[in-house]
Amino acid sequence: MPELPEVEVTRRSFADRIVRASIEALNLGKPLRWPLGVSAHSLVGRQIMAVRRRGKYLLLDLDQGLLLVHLGMSGSLNFAPAQPPAGPHDHMDLVTDRGVLRLHDPRRFGAVVWAPSEDAPQAQKLLGRLGVEPLNGQFEVTAFANALKKRQSAIKQVLLAGDVVVGVGNIYASEALFMAGIRPTTKAARLSRPRVVKLQAAIVQVLTRAVQQGGSSLKDFVSAEGRTGYFQLEAAVYGRAGEPCRACHTPIKSMLQGQRTTFYCPVCQKP
């Protein structure tokens with residue numbers, strides 16, 4: 001599933017090229033996760049003013065309203081001067097005077113939703129419960145520690161929930177917890193202030209590095225320029241069960257947490 005780094009890489013790969021473009025058509029294929037919420041024809045003539053990201057949502061600010069785009073489980077965007085005829089898994093073509101933004105989504109868990117503003121119910125239904133952004137300078141240690149003190153769940157599950165800090169998906173939670181030396185099963189409320197400080201710094205470092213590396217391309221992810229990511233090639237624990245820890249050489253272990261596979265070092269990561 002595309003996570004925060006992949007979505008941010010996607011945003012950066014086409015934002016500058018589509019800003020100030022005028023919409024000439026919005027062509028939709030098979031129904032996606034949620035309906036558009038407005039007539040596609042009503043968006044013709046609207047101008048794209050900016051492309052932002054909130055969690056795993058891309059926000060295309062128009063001169064009137066905005067489009068919220070989610071990549072779902074296996075979706076990707078491609079922006080090009082022109083596109084070939086749409087295939088069975090191409091579910092949106094946003095045609096502009098600068099090129100065509102296409103959503104390719106084989107599993108159709110993605111979405112394209114229009115809202116009159118970010119504060120409107122249509123947008124808040126999707127964005128309202130998202131936690132703090134970790135990469136914009138608002139991810140503050142004290143608030144993070146206070147939020148964790150209220151959670152009795154395992155720290156890995158709290159990170160994946162996304163309502164404390166957004167965008168720390170399965171790969172990046174495993175990597176950040178390893179970097180901070182914290183066992184994924186440790187209850188969030190039990191973490192001391194020094195360990196929270198380490199975890200906060202690790203989250204920022206891991207996500208920043210993932211963006212620099214173009215995200216993680218485990219299966220389907222490519223940027224809007226068609227480029228794959230490479231972060232997974234330098235992962236310390238993710239996908240390395242049975243292989244030696246890069247720090248202590250103990251075999252990496254794996255387990256299921258909430259139906260997701262967790263990877264950790266039993267020596268370097270303390271309960």
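What's the story with the packing of aromatic side chains in this structure? I'm lost.
In this description, an aromatic ring pair is defined by two values, namely the gap between the centres and the angle between the planes. Applying the stated criterion across every chain, the model contains three aromatic pairs. Consider the rings of Phe139 and Phe144, whose centres lie 4.9 Å apart with planes at 65°: the pair is edge-to-face.

Would you mind showing me how to read helix 6 (residues 193-212) here?
Counting along an α-helix, one turn takes 3.6 residues, and residues three or four places apart therefore face a common direction. With 20 residues, helix 6 extends 29 Å between its outermost C-alpha atoms, agreeing within 8% with the 28 Å of an ideal straight helix rising 1.5 Å per residue. Residues of helix 6 that are buried: Arg195, Val196, Leu199, Gln200, Ala202, Ile203, Val206, Leu207, Ala210 and Val211. Seen end-on, helix 6 carries its buried residues on one side only, within an arc spanning 165°. Projecting away from the buried face of helix 6 at angles above 90 degrees are the exposed residues Pro194, Lys198, Gln205 and Gln212. Among the structural elements, helix 1 (4-18), helix 3 (141-149), helix 4 (155-161) and helix 5 (170-180) are those in contact with the buried residues of helix 6. Looking one or two residues beyond helix 6, the residue adopting positive phi is Gly214, at roughly 80°.

Help me understand the packing of helix 1 against helix 6, please; the structure alone is not making it clear to me.
When two helices pack together, their arrangement is given by the angle between their axes and by how far apart the axes lie. One way to put it is that helix 1 packs onto helix 6 with a least axis distance of 9 Å and a crossing angle of 40°. Accordingly, the angle class assigned to the pair helix 1 and helix 6 is oblique. The chirality of how helix 1 crosses helix 6 is right-handed. Contact residues: helix 1 offers Pro5, Glu8, Val9 and Arg12, while helix 6 offers Leu207, Ala210 and Val211. Looking at the contact of helix 1 with helix 6 residue by residue, the classes come out as five nonpolar, no polar and two charged.

Calculation rules
- Residues numbered from 1 in each chain as written.
- Predicted model: local features only at pLDDT ≥ 70, side-chain atom pairs only at ≥ 80, totals over all residues.
- Heavy atoms only, no water.
- Phe/Tyr/Trp six-rings, centres within 6.5 Å; stacked < 30°, edge-to-face > 60°.
- Helix = DSSP H or I, 4+ residues; strand = E, 2+ residues; numbered from the N terminus.
- Expected span 1.5 Å × (residues − 1).
- Buried < 20%, exposed > 50% of the residue type's maximum accessible area, 1.4 Å probe, protein only.
- Arc of directions from axis to C-beta.
- Contact = heavy atoms within 4.5 Å.
- Axes fitted to C-alpha atoms, helices over the stretch in contact; angles between N-to-C directions.
- Parallel < 35°, antiparallel > 145°, perpendicular 65-115°, else oblique.
- Left-handed = near helix turned anticlockwise from the far one by under 90°.
- Nonpolar A, V, L, I, M, F, W, Y, C, P; charged D, E, K, R; others polar.

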